[in-house]
Amino acid sequence: NGAFRRPAITTDLIAGFPGETEEEFAATLDFIRSCGFAEMHIFPYSIRPGTPAAEMEQVPRAVKEARAARAAGGGGRAGGGACPAPGGPFSV
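Conventions and cut-offs
Residues numbered from 1 in each chain as written. Predicted model: local features only at pLDDT ≥ 70, side-chain atom pairs only at ≥ 80, totals over all residues. Heavy atoms only, no water. Helix = DSSP H or I, 4+ residues; strand = E, 2+ residues; numbered from the N terminus. Contact = heavy atoms within 4.5 Å. Areas by Shrake-Rupley, 256 points an atom, 1.4 Å probe, with all protein chains shown as cover. Phe/Tyr/Trp six-rings, centres within 6.5 Å; stacked < 30°, edge-to-face > 60°. Buried < 20%, exposed > 50% of the residue type's maximum accessible area, 1.4 Å probe, protein only.

### Concerning the overall build of the chain
The helix and strand tally for the chain stands at 2 helices and 4 strands. Going from N to C terminus, the chain has its helices and strands arranged as β-β-α-β-α-β. Within the chain, residue pairs in contact and separated by at least 24 positions form 86% of the contacts whose partners lie at least 6 positions apart. Accessible surface for the chain amounts to roughly 6,000 Å². Of this, 57% is attributable to carbon and sulfur atoms.

Structure (structure tokens):
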């Protein structure tokens with residue numbers, strides 16, 4: 001085992017998954033801000049026919065797009081909090 005000195009932790013975020021409430025989305029924003037992800041791929045949920053989620057109560061398109069924009073605007077770059085800030089050595 002060695003150390004990887006400068007890892008980049010990235011994530012994908014689907015905004016507006018069926019049934020997502022404003023409170024749940026706000027908690028997601030708090031979480032991503034606390035993690036300080038190096039990069040994030042953020043996109044609104046889109047229906048995939050034939051999946052269980054397609055049959056669930058859908059979040060309106062405008063809400064999904066607004067949430068994706070809010071997440072991208074506030075991002076997950078602050079660092080600190082529950083997730084380690086990038087830059088330290090991590091065992092691999």
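Don't stop here, the text continues.
### Regarding the packing of aromatic side chains
Applying the stated rule across the entire model yields 1 aromatic pair. Ring geometry for Phe17 and Tyr45: centres 5.3 Å apart, planes at 75°, overall edge-to-face. Taken as a pair, Phe17 in the loop between strand E2 (10-15) and helix H1 (22-35) and Tyr45 in the loop between strand E3 (39-44) and helix H2 (61-74) lie far apart in primary sequence, 28 residues in all. A relative accessible area of 38% means that Phe17 is categorised as partly exposed. The buried category is assigned to Tyr45, whose relative accessible area is 8%.

None of this, on its own, says anything about what the molecule does.
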